Amino acid sequence: MTSLPENPPSPLGEDDRDTAVQRLQEAYTEGHVSHEELSTGLDQVLAARTHGELAPLLASLPAEKTGTTSTIAAAGGRIQRRGAWRVPRTLKVESAFGKVRLDLSRAVFEHPVVDIELRLGTGKAKITVPHDAVVDIEGLRTGWKDSVYTPRRHSPAGGPTIRITGAMGYGRLKVRHARR
């Protein structure tokens, strides 16, 4: 009788696969990998089923840039971030028309305090934060509807502090904590 491994390999999700493809493309664009290495790497990413299968490939790429400020902007349409993505120290989100959905529940926080600045004309925004996050929305001005956020009664220690500031014209911000 064979025994099961203590830590079975974790399956690879589509968001993780997308992140790996993006890192490969950035490395190619910056001249760190050749066209052939890009092609081979993309084949490996698409064939991978677990995180362990991707680890050697990602380790061979240059480290991700962790700039202090990033801006996500769109004139219209949907702005969406989810999965395992790195959250910069300051994130600016700008949209004239459209919906914004930021899922930070599986995001990687490299800073204990993260500032999210919203500049939205019309459209709603929904932000999902980690279950242990502390959220401050006092710096957000809304023109039409109030923001919806209910702080957790007993927030576990150790989570990031997320400060949401900026201005929203016609729309509503909803912030919720992830279940776990």
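Scroll up to find the structure this text is about.
Residues numbered from 1 in each chain as written. Predicted model: local features only at pLDDT ≥ 70, side-chain atom pairs only at ≥ 80, totals over all residues. Heavy atoms only, no water.

A. Region of the structure containing the packing of helix α2 (residues 35-47) against helix α3 (residues 51-59). In the contact formed by α2 and α3, the axes pass within 9 Å of each other and the chain directions differ by 160°. Here α2 lies roughly antiparallel to α3, going by the angle between them. The interaxial crossing formed by α2 with α3 has left-handed handedness. Together, Gly41, Gln44, Val45 and Ala47 of α2 and Glu53, Leu54 and Leu57 of α3 make up the contact between the two elements. (Axes fitted to C-alpha atoms, helices over the stretch in contact; angles between N-to-C directions. Helix = DSSP H or I, 4+ residues; strand = E, 2+ residues; numbered from the N terminus. Parallel < 35°, antiparallel > 145°, perpendicular 65-115°, else oblique. Left-handed = near helix turned anticlockwise from the far one by under 90°. Contact = heavy atoms within 4.5 Å.)

B. Expanded view of the nonpolar core. Counting residues in each nonpolar core, the largest one holds 27 residues, and the members touching the most others are Leu104, Ile116, Leu118, Ile127, Ile164, Leu173 and Val175. Counting only elements with at least two residues in this core, the list comes to β4 (90-97), β5 (99-103), β7 (113-122), β8 (125-129), β9 (134-142), β10 (161-170) and β11 (173-177). No other element matches β7, which puts four residues into this core. If sequence neighbours within four positions are ignored, Ile127 has contacts with Leu102, Leu104, Leu118, Ile164, Leu173, Lys174, Val175 and Arg176. Core analysis: the second largest hydrophobic core is formed by twelve residues, Ala27, Val33, Leu38 and Leu54 among them. (Core = buried A, V, L, I, M, F, W, Y, C linked by side-chain atoms within 4.5 Å. Buried < 20%, exposed > 50% of the residue type's maximum accessible area, 1.4 Å probe, protein only.)

C. Fine view of the sheet that holds strand β2 (residues 78-81). Taking strand neighbours across the sheet as the criterion, the four strands line up as β2-β5-β8-β11 in an open arrangement whose pairing is parallel. Looking at the sheet topology across the chains shown, the edges are occupied by β2 and β11. In this sheet, neighbouring strand axes are inclined to one another by 5° on average, regardless of whether the strands run parallel or antiparallel. Taken together, the four bridges between β2 and β5 define a ladder with parallel strand orientation. Across the sheet, residue Arg81 finds its bridge partner in β5, namely Leu102. (Pairing = 2+ DSSP bridges.)

D. Inspection of the environment of Ala73 at higher detail. Tracing the chain through its elements places Ala73 in strand β1 (residues 69-74). For Ala73, a relative accessible area of 52% translates into the label exposed. A sequence separation of 65 residues divides Ala73 from Glu138, and the C-alpha atoms of the two residues are 23 Å apart. Apart from the residues within four sequence positions on either side, Ala73 is in contact with Ile79 and Glu94.

E. Fine view of the pairing of β4. When β1 meets β4, the two strands line up parallel, connected through six bridges. Note that in β4 the partner of Ala74 across the bridge is Ser95.

F. Local environment of a positive patch on the surface. Taken together, the side chains of Arg78, Lys99, Lys124, Lys126, Lys145, Lys174, Arg176 and Arg179 present a region of like positive charge at the surface. For Lys145, the location among the structural elements is in the loop between β9 and β10. A relative accessible area of 31% means that Lys145 is categorised as partly exposed. (Patch = residues over 30% accessible without salt bridge, like charges linked within 9 Å, V, L, I, M, F, W, Y side chains within 5 Å. Areas by Shrake-Rupley, 256 points an atom, 1.4 Å probe, with all protein chains shown as cover. Salt bridge = Lys/Arg side-chain N within 4 Å of Asp/Glu carboxyl O. Lys, Arg positive; Asp, Glu negative; His and termini not counted. Charge placed at Lys NZ, Arg CZ, Asp CG, Glu CD.)

G. Seen up close, the sheet that holds β9. Read from one edge to the other, the open sheet built from five strands follows the order β1-β4-β7-β10-β9, with strand pairing classed as parallel. Looking at which strands have only one partner, the edges of the open sheet turn out to be β1 and β9. Going from strand to strand, the sheet's axes swing by 10° on average, the running direction of each strand aside. Sheet topology note: the β9/β10 ladder contains seven bridges and is parallel. Across the sheet, residue Val135 finds its bridge partner in β10, namely Ile162.

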